[in-house]
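# Structure at a glance
Residue strings, one per chain:
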Amino acid sequence: MKTITFAIIALLFTFSIQAQNTNKKTETTTTTNTKKDSDGIHKTVKKEVTSESQNIELKEEKPNTLNIEMKDSPVNTVSTTKITNPDGTTRTVDVDRSSYYVSNGNKYKVELDASGYVISYGNNKPALLRRTSTNSFVYRANDETSIAYFDTLGNLIIETYDSKSDKIYTDVYMVVKE
């Protein structure tokens, strides 16, 4: 009976001792924004988690050598952003598009807010971007409602329908690389 017990224990230990076949690195950045207005203090916490993983691959084995060199393999990077709103709700953003954008010589600031993004320009009333289920956004500014999306280069594209001319007008906001 002792022999069987020791054999099972030895077998379990051999399964738990295995070589690591991936390199993993995780980096977390937390940003806290506090805004004070007439309603009180509003605190928004943005937590960005970037995970990198790389499979370990070895070069061809050379005769009469003990060590085998690693060969370069692609690194898979996954980034997620979690936003905790002042009311305590949390949402996850796949790609954070917060940045500065330029259109018609004007510089606009796009920032995450509790429900999507806010676009501000000078002292004007900020415009709102709200996510839809089709990976696009509803753009709301003044009395205008449009459809917006980000292209593959990260630029913001806003398409507005004009009922008088029965046409769609497109505005492109180029992302500023800083």
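Residues numbered from 1 in each chain as written. Predicted model: local features only at pLDDT ≥ 70, side-chain atom pairs only at ≥ 80, totals over all residues. Heavy atoms only, no water.

### As for the overall build of the protein
Of regular secondary structure, the protein possesses one helix and 14 strands. For the protein, the C-alpha radius of gyration of 26 Å lies well beyond 16 Å, the compact-globule estimate for 178 residues. Dimensions along the principal axes, computed over C-alpha positions, put the protein at roughly 85 × 45 × 30 Å. For the protein, with 178 residues in total, the buried portion stands at 20%. (Helix = DSSP H or I, 4+ residues; strand = E, 2+ residues; numbered from the N terminus. Rg over C-alpha atoms; globule rule 2.2 N^0.38 Å. Buried < 20%, exposed > 50% of the residue type's maximum accessible area, 1.4 Å probe, protein only.)

### With respect to the pairing of strand E7 (residues 99–103)
Note that E7 and strand E8 (residues 106–112) share five bridges and pair antiparallel. In the sheet register, tyrosine 101 faces E8, and the bridge partner there is tyrosine 108. Counting the residues between successive antiparallel strands, the hairpin from E7 to E8 contains two residues, one of them, asparagine 104, with a positive phi of roughly 55°. When E7 meets strand E14 (residues 167–175), the two strands line up antiparallel, connected through two bridges. Residue valine 102 lies in a different strand from E14, and its bridge partner there is methionine 174. (Pairing = 2+ DSSP bridges.)

### Details of the sheet that holds strand E5 (residues 75–84)
Read from one edge to the other, the open sheet built from four strands follows the order E1-E2-E5-E6, with strand pairing classed as antiparallel. With one partner strand each, in any of the chains shown, strand E1 (22–37) and strand E6 (90–93) form the two edges of the open sheet. Strand-to-strand twist of the sheet, defined as the mean angle between neighbouring strand axes without regard to direction, takes the value 20°. With four bridges connecting them, E5 and E6 associate as antiparallel partners. By the bridge assignment for E6, threonine 81 is matched with valine 93. (Axes fitted to C-alpha atoms, helices over the stretch in contact; angles between N-to-C directions.)

### Some thoughts on a nonpolar patch on the surface
On the surface, Leu58, Ile68 and Met70 cluster together to form a nonpolar patch covering roughly 260 Å² of accessible area. If you trace the backbone, leucine 58 turns up in strand E3 (residues 57–58). (Patch = residues over 30% accessible without salt bridge, like charges linked within 9 Å, V, L, I, M, F, W, Y side chains within 5 Å. Areas by Shrake-Rupley, 256 points an atom, 1.4 Å probe, with all protein chains shown as cover. Salt bridge = Lys/Arg side-chain N within 4 Å of Asp/Glu carboxyl O.)

### Structural notes on the sheet that holds strand E13 (residues 156–162)
Around the barrel, eight strands lie side by side as E7-E8-E9-E10-E11-E12-E13-E14; this closed barrel has antiparallel pairing. Averaged over all pairs of adjacent strands, the angle between their axes in this sheet comes to 30°, without regard to strand direction. The pairing of E8 with strand E9 (residues 116–120) spans four bridges and is classified as antiparallel. Bridge pairing links lysine 109 to serine 120 in E9.

### Brief notes about the layout of surface pockets
In this structure, the largest pocket spans a volume of roughly 580 Å³. In this structure, the largest pocket is lined by 21 residues; those nearest its centre are Asn33, Lys35, Glu111, Leu112 and Asp113. At the level of elements, E1, strand E2 (40–55), E7, E8 and E9 are the ones that each hand at least two residues to the lining of the largest pocket. Among the residues forming the lining of the largest pocket, the class breakdown is eight nonpolar, seven polar and six charged. (1 Å grid on protein atoms, 1.4 Å probe; cavity = no way out; pocket = protein on both sides within 12 Å on 5 of 7 lines; lining within 4 Å. Points joined across faces, edges and corners; volume = space filled by probe spheres on them. Nonpolar A, V, L, I, M, F, W, Y, C, P; charged D, E, K, R; others polar.)

### Considerations on the packing of aromatic side chains
Evaluated as defined, the whole model comprises six aromatic pairs. Judged by centre distance (4.9 Å) and plane angle (40°), the ring pair of tyrosine 108 and tyrosine 121 falls under tilted. In this pair, tyrosine 108 is assigned in strand E8 and tyrosine 121 in the loop between E9 and strand E10 (127–131), connecting sequence segments 13 residues apart. Pairing tyrosine 117 with phenylalanine 137 gives two aromatic rings, centres 5.8 Å apart and planes at 65°, and the pair type is edge-to-face. Placement of the pair is tyrosine 117 in strand E9 and phenylalanine 137 in strand E11 (residues 137–141), with a sequence separation of 20 residues. The residues tyrosine 117 and phenylalanine 137 share a single accessibility class, namely buried. Three or more aromatic residues joined by ring pairs form one cluster here, namely Tyr101, Tyr117, Phe137 and Phe150. (Phe/Tyr/Trp six-rings, centres within 6.5 Å; stacked < 30°, edge-to-face > 60°.)

### Examining unusual backbone geometry
Unlike most non-glycine residues, asparagine 142 shows phi in positive territory, near 55°. Inspection of the secondary structure puts asparagine 142 in the loop between E11 and strand E12 (144–150). For asparagine 142, a relative accessible area of 64% puts it in the exposed group. Even without a glycine there, the phi angle at aspartate 166 is positive, about 55°. With respect to the helices, strands and loops of the structure, aspartate 166 is situated in the loop between E13 and E14.

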